[in-house]
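If you want the building blocks of each chain, they are given just below.
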Amino acid sequence: MPVSAGPVAVARRLREGMAGGVLSFPLTAFRDDGGLDPDGFRRHVAERLAAAPGAVFPACGTGEFFSLDEDEYRQVVTIAVEEAAGRVPVVAGTGYGWAQAARFARVAEDAGADALLVLPHYLVAAPQDGLVAQLEQLAARTPLPLIAYQRGQVAFTADSLRRVAALPTVIGLKDGHSDLDRLQRLTLAAPEDFLFFNGAATAEVQARAYAAVGVPAYSSAVHAFAPEIADAFFAALRDDDHGTVDKLLRDFYVPFVELRDRVPGYAVSLVKAAARLRGRPVGPVRAPLTDPSPADLAALGALLTAGLDLVGAAL
């Protein structure tokens, strides 16, 4: 069984990685009949790694964790670990109730994942004590470092985050709420070495605002289909090239968000469709998600071509 490097070492590698590149959330490749396509996924991950991300997060939201059974999950995480080959950390998704999260955590540990992103629990609202207990229960059942993910019904107070950060294997928090007042309070309450990630949908749109409250690292769904655009934006943001940042936001990212917001689930469906437009064998999404309509697919194609042209790349 692979042994985790431990929370301190993993946190250090993640910190180093996110200083030099975006966090990549690969798509899970399916065949046209809906079955898992391991070879397609392997090619997809290899291409993401060739674009030098800071870390790879397989089987998370963009990777349709919610639609995978345990055997499929095992294959996806194993392939990601094999392709990464130690070059960057591999953080696998897990979540919902702590019992289910613990089952998937054991699979991820066996597959050699470096850490886990703990996706929000399923359906019910919960008090702060319950949010903390969820992570306590999971931390007691896996040695892998954990990154909490607040989104939807999960939103930590500063006091709760202090309790969560005191758990030896909880190393960070990914934020999907974009409540910068709350986030600033959380960053001030956390230990100095605690990791924070911008996990807003199409995170680049809010990257400058997050960086202003001390959270410069972000996940990039665009990296899953156009690493040329994602890397150009990352470089411009890092170098304070506000003209390029504004141009990419105005002419690509904001129109992409407007298209994304037309239909629930397009945050994943459009990303997968864009990868297919570039000839990548990632297949369709699984229900309950739906693939884009012909009209939206045509709009996506035009936007993708324009975005690639902005950075001197081709479809």
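Here goes a summary of the coordinates provided.

Reading the values: the criteria
Starting afresh in each chain, residues are numbered from 1 along the sequence in its written order. Where local features are concerned, this predicted model is filtered to residues with pLDDT of at least 70; where side-chain atom pairs are given and counted, the filter is 80 or more; whole-chain, interface and lining totals use all residues. Side-chain numbers here rest on the full set of heavy atoms in the structure, without hydrogens or water. Each helix is a run of DSSP H or I of at least 4 residues and each strand a run of E of at least 2, with the numbering of both proceeding from the N terminus. Under the scheme applied here, a residue whose accessible area is under 20% of the maximum for its type counts as buried, over 50% as exposed, and between as partly exposed, the area being computed with a 1.4 Å probe on protein chains only. The definition of a polar contact used here is a pair of N or O atoms within 3.5 Å, where within protein one atom must be able to donate a hydrogen and the other to accept one, and adjacent residues in sequence count solely through side-chain atom pairs. Two strands are counted as paired when DSSP detects at least two bridges linking them. Axis lines are fitted through C-alpha atoms, for helices just across the contact stretch, and the angle between N-to-C directions can take any value from 0 to 180 degrees. Salt bridge, as applied in this entry: a Lys or Arg side-chain nitrogen positioned within 4 Å of an Asp or Glu carboxyl oxygen. Contact definition: two residues touch when any of their heavy atoms are within 4.5 Å. Note: crossing handedness is left-handed where the near helix turns anticlockwise from the far helix by less than a right angle, and right-handed where it turns clockwise. Side-chain classes follow a simple rule in which Ala, Val, Leu, Ile, Met, Phe, Trp, Tyr, Cys and Pro form the nonpolar group, Asp, Glu, Lys and Arg form the charged group, and the remainder, Gly included, forms the polar group. Centres within 6.5 Å are what make two rings of Phe, Tyr or Trp a pair, Trp counting through its six-membered ring; a difference in plane orientation under 30 degrees is then read as stacked, over 60 as edge-to-face, and the rest as tilted. Only Lys NZ and Arg CZ are tested; either one counts as a charge over a ring when it is within 6 Å of the ring centre and within 35 degrees of the ring normal.

### Some words on the environment of V10
For step 1, the next point in the chain: Topologically, V10 is positioned in helix α1 (residues 7-20).
For step 2, the next point in the chain: By relative accessible area, which is 3% here, V10 ends up buried.
For step 3, the next point in the chain: With 81 residues separating them in the primary sequence, V10 and V91 have C-alpha atoms 9.8 Å apart.

### Description of the side chain of E64
For step 1, the next point in the chain: Counting through the fold element by element, E64 comes out in the loop between β2 (55-56) and α3 (70-84).
For step 2, the next point in the chain: Separated by 3.0 Å, the side chain of E64 and the backbone nitrogen of R286 make a polar contact.

### A look at the sheet that holds strand β5 (residues 146-150)
For step 1, the next point in the chain: Strands sit in the order β3-β4-β5-β6-β7 across an open sheet of five strands; the sheet is parallel. Every other strand in the sheet has two partners, leaving β3 (91-95) and β7 (195-198) as the edge strands with one partner each. Neighbour to neighbour, the strand axes of the sheet diverge by 25° on average, direction disregarded.
For step 2, the next point in the chain: The sheet contact formed by strand β4 (residues 115-119) and β5 spans three bridges and is parallel.

### Thoughts on the pattern of salt bridges
Any two side chains of opposite charge can pair, so long as their charged atoms come close to each other.
For step 1, the next point in the chain: Enumeration according to the criterion identifies 20 salt bridges in this entry.
For step 2, the next point in the chain: Across the pair E82 and R42 runs a salt bridge whose closest N-O atoms are separated by 2.8 Å. Of this pair, E82 sits in helix α3 while R42 sits in helix α2 (residues 38-50), and the two are 40 residues apart along the sequence.
For step 3, the next point in the chain: A relative accessible area of 28% means that R42 is categorised as partly exposed.

### Quick word on the side chain of Q134
For step 1, the next point in the chain: Looking at the element boundaries, Q134 is found in helix α5 (residues 128-139).
For step 2, the next point in the chain: Accessibility expressed as a relative area gives 14% for Q134, which makes it buried.
For step 3, the next point in the chain: Other than its neighbours up to four places away in sequence, Q134 contacts Y96, G97, W98 and H121.

### Section: the packing of helix α9 (residues 227-238) against helix α10 (residues 242-260)
For step 1, the next point in the chain: One way to put it is that α9 packs onto α10 with a least axis distance of 9 Å and a crossing angle of 145°. The crossing of α9 and α10 is left-handed. In this structure, α9 contributes I229, A230, A232, F233, A236 and L237 to the contact, and α10 contributes T244, V245, L248, L249, F252 and Y253.
For step 2, the next point in the chain: Taken together, the residues of the contact of α9 with α10 break down into eleven nonpolar, one polar and no charged.

### A word on the packing of aromatic side chains
For step 1, the next point in the chain: If you walk through the whole model with that rule in mind, you get 13 aromatic pairs.
For step 2, the next point in the chain: Consider the rings of F65 and Y96, whose centres lie 5.7 Å apart with planes at 50°: the pair is tilted. With F65 in the loop between β2 and α3 and Y96 in the loop between β3 and α4 (98-111), this pair connects stretches of sequence that are 31 residues apart.
For step 3, the next point in the chain: Taken together, the ring pairs in this structure connect Y218, F225, F233, F234, F252, Y253 and F256 into an aromatic cluster.
For step 4, the next point in the chain: Above the face of the Y149 ring, K174 is positioned so that its terminal group lies 4.5 Å from the ring centre.

### Quick notes on the environment of L161
For step 1, the next point in the chain: For L161, the position within the fold is in helix α6 (residues 158-165).
For step 2, the next point in the chain: L161 sits 67 residues away from T94 along the chain, and the two C-alpha atoms are 19 Å apart.

### Quick look at the sheet that holds strand β1 (residues 23-24)
For step 1, the next point in the chain: Read from one edge to the other, the open sheet built from three strands follows the order β2-β1-β8, with strand pairing classed as parallel. Here the strands that pair on one side only, and so sit at the sheet edges, are β2 and β8 (219-220).
For step 2, the next point in the chain: Where β1 lies against β2, two bridges are found, and the strand directions are parallel. Note that in β2 the partner of S24 across the bridge is V56.

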